[in-house]
Amino acid sequence: MTQTILSARGLVRRFITGKPLFGAPTVVQAVNDVSLEVRQGETLAIVGESGCGKSTLARLLTRLIDPTEGSVIYGDRDIASLSGTELRALRREMQFIFQDPFSSLNPRMTVGALIEEPLRIHRLGTAPERRAKVAGLLRKVGLRPEHADRYPHEFSGGQRQRIGIARALATGPKIVVGDEPVSALDVSIQAQVVNILEDLKEELGLTLIIIAHDLAVIRHISDRVAVMYLGEIVELGDAADLFATPAHPYTEALLSAIPIPATGARKARTMLEGDPPNPIAPPPGCRFHTRCPYAQAKCRDERPELRTPSPDRQVACHFAEQLSLTGVNAAMAARPDAAQRRFALYSHARAAMAGAQTDKTKPTTEE
C-alpha cells in the first residue's frame, strides 16, 4: 500500500470580508471540513469551478495560510504547530509553483538570482556549488545555463513558468504544489510545461498536487482527482475511474463540458441551472442541491458526509449508489482528445529538444 505523505483533517478556513460599524462581520467559509490524504509519489489533482476553494486548500496544505480549524499532518507533525527552524525545514520540503509566470518573478533579479535565492535563504552550498546547481536546474527545465544572466522580461510566458519550476525545485522538495501552473499560458505551450512536470516527477521522485480547471490536462497528468464544490470535496478517486464512472452529479456536469474532438461524436450535456450559491450564506443540507437535477427532500435537509461506497472512491452524495451517471463519452475514451494529441507530439519532440540544449548554436524550444 502506498504511504501517505500528507493528510488534511477537518480543514476549515474562514475569511472576514467586511467589518461594519454595527452588527456582525461578514464571513466567507472558503474551505469547509475538508479531509484527504496525499500519497507519496502520486499526482493529486484538485478541480472545480472558480471560487470553490481550490487555491485556498492548496495554501492550507503548504501552510502559506493557517487553518481556522483542523490540521495538516506531514510526517507525524501538525504543520500548524511548527515555528522557527522546524518551519524553515518544512519550507525546503514543500514548494509552490504559482499561476502567473509574469507577476511571480521579481523583474529586478536575474534568472540565476531568482533560482539561487531559496538556496541562499536555506544556506545550502557554497557560492560555486549554488551556481552549478542553478545551471543544472536550468538544463532540467529545458533552458540553458547562460540564461542565468538574463532578466525575466527577456523570456516568454512558457519559459518564465519553467524558471518558476526550477526555483521550486532548488531546495530538493518532496512535495510540489502547482496552482493552475498552465492556465496563464497559451494552449500551444501548455503541453510542454505539463510534460516537464511529469518528467521531473519521475526523475526526482516528487509528489505533485495540481490545482486546475482544465479537465483535459487533469485527465492526462493525474493519478487521483478530488472534486471541490463551494468549499467541500464532493468526490475523490482514481482519475481513470472517475472520468469513466462519476459518482457525484457535480462531477458528471464537469465531465459533460469536455469537448469531444472525434468526428461524429455526440453526447448528452448536463446543464446546471443557476449560479453557485453565495459562500457567505451557503444553502443547508447538500450545498449542491440548489443546482442538482437529482436532488430530493433529504438533500435539502441533511448534509452528506464524504464516505467510501467502493474501494478507492469517496463521494458526498446521499444517492450515489442509486444514480447511474454519465462519464466521459466512449468516443472520447477511444480517441485521444486535443490536449492529449498535443502531449503526444511534445513527447516525440523531447529528444530533439534535449539535443538543442547541448548545442549552443541552436535556439531553445520556444512557444
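So, how was this worked out
Residues numbered from 1 in each chain as written. Predicted model: local features only at pLDDT ≥ 70, side-chain atom pairs only at ≥ 80, totals over all residues. Heavy atoms only, no water. Core = buried A, V, L, I, M, F, W, Y, C linked by side-chain atoms within 4.5 Å. Buried < 20%, exposed > 50% of the residue type's maximum accessible area, 1.4 Å probe, protein only. Helix = DSSP H or I, 4+ residues; strand = E, 2+ residues; numbered from the N terminus. Domains from an automatic or database assignment. Contact = heavy atoms within 4.5 Å. Pairing = 2+ DSSP bridges. Axes fitted to C-alpha atoms, helices over the stretch in contact; angles between N-to-C directions. Phe/Tyr/Trp six-rings, centres within 6.5 Å; stacked < 30°, edge-to-face > 60°.

Chemist: Would you take a moment to explain the nonpolar core for this structure?
Modeler: Most often, soluble globular proteins keep nonpolar side chains buried together rather than apart. Grouped together as the largest cluster of nonpolar side chains are 57 residues, with contacts concentrated most on Ile115, Ile165, Ile218, Val225, Val227 and Phe243. When residues in this core are grouped by element, the largest group, six residues, is from helix 6 (residues 187-204). Two domains each put at least three residues into this core: domain 1 (4-222) and domain 2 (232-333). Those residues in contact with Val227, other than ones at most four positions away along the chain, are Val47, Glu232, Ile233, Val234, Glu235, Leu242, Tyr250, Thr251 and Leu254. Counting residues in hydrophobic clusters, the runner-up holds 31 residues, among them Leu44, Phe96, Val177 and Ile209.

Chemist: How should the sheet that holds strand 9 (residues 224-229) be read in this particular structure?
Modeler: By way of backbone hydrogen bonds, the strands of a sheet pair with one another, either parallel or antiparallel. The eight strands lie next to each other as 6-7-8-3-9-10-12-11, forming an open sheet whose pairing is mixed. The open sheet has two free edges, formed respectively by strand 6 (94-97) and strand 11 (307-310), since each of these has just one partner strand. Shown here is a sheet whose adjacent strand axes are inclined to one another by a mean of 25°, direction ignored. Two strands pair when backbone bridges link them, and strand 3 (residues 43-47) and strand 9 are joined in this way by four bridges, in the parallel orientation. From the neighbouring strand, Leu44 faces strand 9, where its bridge partner is Arg224.

Chemist: Could you clarify how one ought to interpret the packing of aromatic side chains in this entry?
Modeler: Given two aromatic rings, one states the distance between the centres and the angle between the planes to describe the pair. Tallied over the full model, the rule gives four aromatic pairs. With 5.0 Å between their ring centres and 80° between their planes, Tyr229 and Phe288 make a pair best called edge-to-face. Placement of the pair is Tyr229 in strand 9 and Phe288 in the loop between helix 9 (249-256) and helix 10 (297-301), with a sequence separation of 59 residues.

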